[in-house]
Amino acid sequence: MAGVEDDLVGGQGGRRLDDEDVDEGQVERDFQEEFADFDAFGARAKNVDVDLLRRALLNEKGAPELLHYEALLVKHLKEAVDRQQEVVDELQTNVSNMMRSMMYQMELDRVNYLIVEYLRTRLRKIERHAFFIIKHEEMRDRLSEAELRFAQRFADLQASHLRKLALSKMPEVHQKLDDQNNQVNMSTLIFPEPDLDSFVICQVLDDIGDIELEENNIVSMNAGELVAIRYWPIRDFVRQGSVALV
Amino acid sequence: MTSILPYGAKGRELLLELKRSEWLPAYNGKRQDDGVRQVLGEIDALYKRMRSRMAESRDMREPFYGCPLMVYHASTLRNKRCLLAYLKYRADLIGNLRWDAGSAIPEDLRRKLCAEEAQYFSAYDNILSDYMREVDLDLAADMEPPKNLYVEVRVLRDCGEIDTVSGPVVLAKDTTHNLRRSDVEHLIRQGALEQVTS
Amino acid sequence: MASAYYDLDAILAEEERVPTTFLSDAQDLGILDSSSDNDDLSRGTKAELPLWLATTLAERIWVKLELPRCYQSRFRTYLLADPTVVALSERSPTYYETGFRLASFVRESSSLCDSLIRTLATRFKGVIDKAQNSRNEDISSLTRSMTAIERRLFDLAHQGSIDILLWKQRDSERIHSARGMKRKLGAANAAR
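These numbers were taken from a predicted model, which means no experiment stands behind them. (Residues numbered from 1 in each chain as written. Chains lettered and ligands numbered in written order. Predicted model: local features only at pLDDT ≥ 70, side-chain atom pairs only at ≥ 80, totals over all residues. Heavy atoms only, no water.)

### Observations concerning the packing of aromatic side chains
At step 1: Tallied over the full model, the rule gives nine aromatic pairs over all chains.
At step 2: Considering the side-chain rings of Phe154 of chain A and Tyr124 of chain B, the 5.8 Å spacing of their centres and the 70 degrees angle between planes classify their relative orientation as edge-to-face. On the criterion of chain membership, the pair formed by Phe154 of chain A in helix 8 (residues 145-165) and Tyr124 of chain B in helix 5 (residues 115-135) is interchain, its members lying in two chains.
At step 3: Three or more aromatic residues link up through ring pairs in this structure, and these residues are Phe150 and Phe154 of chain A together with Tyr120, Tyr124 and Tyr131 of chain B.
At step 4: Sitting over the ring of Tyr5 of chain C, Arg81 of chain B keeps its end group 5.4 Å from the ring centre. (Phe/Tyr/Trp six-rings, centres within 6.5 Å; stacked < 30°, edge-to-face > 60°. Helix = DSSP H or I, 4+ residues; strand = E, 2+ residues; numbered from the N terminus. Lys NZ or Arg CZ within 6 Å of the ring centre and 35° of its normal.)

Quick look at the structure:
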């Protein structure tokens, strides 16, 4: 019964996984190792990429603004998942590999979920601030090409929808979406913007030292601390990776 | 002291209607005297009023002339805001529907939308589908993280012997086991087993 | 805040009725005076106007505002007396925001702001204490013990111009607040 099984499991030979006490942790570690072996690009070990994408996903969920697109991470992981899926499919043709292939499939599903959830989170965020993103080059630069196309089309769709049903039927002076010149009420600005004053909860990864929240109000942020703080003072630190949002 | 401000009430009613509904109420603008049309009508009336007063070229810094103009203007902007919020709230939910229900509007919900909103749904579906095709992933799938294959459980009440992939296992009260989720999920749901979170 | 434009709760909160007194005669607005048949409104007329209009007119000092009942001192005393009771009006998502906004138009503004801040701080402290007492000291427990209402308190702190800028777990001086109180909306935008 030698063959695929022996090649894959490092050092153990054909260890069968239908034993009573399955060491899931060990299987997971075996899997991560094998996962790395299949990286044709050889850039980084794949389990590191998974952690990085998980971090990027949490940051994206926590931050009020859209963050930069992790193009390389997504690309590498998608390719690795596709390659590994082929391996698992191959495994499943042999009945004695059923258990192992199921566990590998489980890991694959997890990584796939991360990728999908990351793209999905970004897309829904893009929808919330579509006009704002399109209008500012700094924001447009944070999008992938596909996202940029989506953002443009979505902003156009929203604008044309509101125009069709309401704006076109109003007096001409009120037909614009951007009412910035009409500062009667405080909330006449109708391109929703991310609120950088929002509170976020974050884990400090590197010692940051003192940061100034406002005049004469200085706090220190040190590695290991869990902090609830407004987003804007730590914006750059999130980008650099010194702080992780939770 | 009680007085009725004659402006802005219809806009308010549109929004209250949204808040009262479970998903969306039927589009309130198809017929002549429906909410959306009334709000648009009020915007028009206010605009005409304002134009005619302004044509009299009075000094608007004087409260006698300036104050009513401000009331018309603020009421117009208020109506605009209510109307746009009404439409956008509906559009957002219609977009969410695409994520939940796929590329076709469920029949019982379709009648709540006006024609333009049905068009919105299709257009949004196109945009989303094109994006998913470009990234080669179905983003509407896998909405939940995949569950662990194995779970650790504590037995809350005697279940006797059950069959598992690794053979029969006796689930005696107060014991803990590491088992395949698919083997014991029904017992967890029934409350016979309790999942231990590590 | 810009994205509040489309927010239903924010819009509806501005329907709050505010007792208003007109400081001058006004053309056409006789319709607001139910006791008069006049087309025009006379100076001194009282009317209950929605917040969105009342503040607009008050900004130009064409009207004088009074506090709605739920912001008057008797009511605020009641709020402070028992910090565990959350009053019905407080459940309104913009109770504090509206309160701070009104404050700038009325004479008793500093005592109103003070008591709003104190009420919020009491609520806030209860939230923080609860989070501190949770057994596990890891991230997931923190976020789990931060329920939706507690996260909302953070948001209220922002909307209500409360300067609770930072809270740290395991720090002796947990809540860092700015000295004094500022109108966040203007200041924040200017700073950026």
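### Comments concerning the interface of chain B and chain A
Quite often, the size of an interface is put as the accessible area lost when its parts meet.
At step 1: Taken residue by residue, the interface counts 51 residues in chain B and 49 residues in chain A.
At step 2: Both sides together, the interface formed by chain B and chain A hides about 4600 Å², and carbon and sulfur atoms give 67% of it.
At step 3: Here chain B is connected to chain A by two salt bridges.
At step 4: The residue Arg153 of chain A makes a salt bridge to Asp130 of chain B at a minimum N-O spacing of 2.8 Å.
At step 5: At the boundary of chain B with chain A, the tally comes to nine residue pairs in polar contact (both at pLDDT 80 or more). (Contact = heavy atoms within 4.5 Å. Buried area = accessible area lost by both parts, 1.4 Å probe. Salt bridge = Lys/Arg side-chain N within 4 Å of Asp/Glu carboxyl O. Polar contact = N/O pair within 3.5 Å; in protein donor to acceptor, adjacent residues only side chain to side chain.)

### Points about the packing of helix 2 (residues 35-54) of chain B against helix 3 (residues 63-101) of chain B
Residues and elements named next belong to chain B.
At step 1: Running from N to C, helix 2 and helix 3 point in directions that differ by 155 degrees, and their axes come no closer than 9 Å. The orientation of helix 2 relative to helix 3 falls into the category roughly antiparallel. As for how helix 2 packs across helix 3, the hand of that crossing is left-handed. Contact residues: helix 2 offers Val36, Val39, Leu40, Glu42, Ile43, Leu46, Arg49, Met50, Arg53 and Met54, while helix 3 offers Leu69, Tyr72, His73, Ser75, Thr76, Asn79, Lys80, Leu83 and Tyr86. (Axes fitted to C-alpha atoms, helices over the stretch in contact; angles between N-to-C directions. Parallel < 35°, antiparallel > 145°, perpendicular 65-115°, else oblique. Left-handed = near helix turned anticlockwise from the far one by under 90°.)

### A closer look at the interface of chain B and chain C
At step 1: Taken together, the contacts link 35 residues of chain B with 32 residues of chain C.
At step 2: Of the roughly 3200 Å² buried between chain B and chain C, counting both surfaces, carbon and sulfur atoms make up 69%.
At step 3: Note that Asp28 of chain C and Arg53 of chain B form a salt bridge whose closest N and O atoms lie 2.7 Å from each other.
At step 4: Counting across the interface, chain B meets chain C through eight residue pairs in polar contact (both at pLDDT 80 or more).
At step 5: Those elements giving two or more residues to the side of chain B that touches chain C turn out to be helix 1 (9-20), helix 2 and helix 3 of chain B.

### Regarding the UniProt feature "domain: DNA replication complex GINS protein PSF3 N-terminal" (unreviewed entry) in chain C
At step 1: The feature "domain: DNA replication complex GINS protein PSF3 N-terminal" (unreviewed entry), as annotated in UniProt, sits at residues 6-58 of chain C in this numbering.
At step 2: Counted over residues 6-58 of chain C, helix gives 26% and strand 21%. Its end C-alpha atoms are 24 Å apart. (UniProt positions renumbered as here; feature names shortened; annotations may be inferred.)

### Quick word on helix 4 (residues 71-91) of chain A
Residues and elements named next belong to chain A.
At step 1: Taking 1.5 Å as the rise per residue, helix 4 with 21 residues should run 30 Å; its terminal C-alpha atoms sit 30 Å apart, in good agreement.
At step 2: Taken together, the buried positions of helix 4 are Leu73, Val74, His76, Leu77, Ala80, Val81, Gln84, Val87, Val88 and Leu91. End-on view of helix 4: buried residues confined to an arc of 160 degrees, all on one side of the axis. (Expected span 1.5 Å × (residues − 1). Buried < 20%, exposed > 50% of the residue type's maximum accessible area, 1.4 Å probe, protein only. Arc of directions from axis to C-beta.)

### Quick look at the domain arrangement of chain C
Residues and elements named next belong to chain C.
At step 1: In terms of domain boundaries, chain C breaks down into domain 1 (17-67) and domain 2 (69-178).
At step 2: Of the roughly 840 Å² buried where domain 1 meets domain 2, counting both sides, 77% is carbon and sulfur surface.
At step 3: The interface formed by domain 1 and domain 2 includes zero salt bridges.
At step 4: At the boundary of domain 1 with domain 2, the tally comes to one residue pair in polar contact (both at pLDDT 80 or more).
At step 5: Grouping the amino acids of the side of domain 1 that touches domain 2 by side-chain chemistry returns five nonpolar, one polar and two charged. (Domains from an automatic or database assignment. Nonpolar A, V, L, I, M, F, W, Y, C, P; charged D, E, K, R; others polar.)

### Re the confidence of the model for chain C
All names here are of chain C.
At step 1: Looking at chain C, pLDDT values average 67 and 53% of them are 70 or higher.
At step 2: Here residues 134-150 scores under 50 on pLDDT; set against residues more than four positions off or in separate chains, the count is 21 contacts.
At step 3: Per the prediction output, this complex has pTM 0.76; the corresponding ipTM is 0.78. (pLDDT = per-residue confidence, 0-100.)

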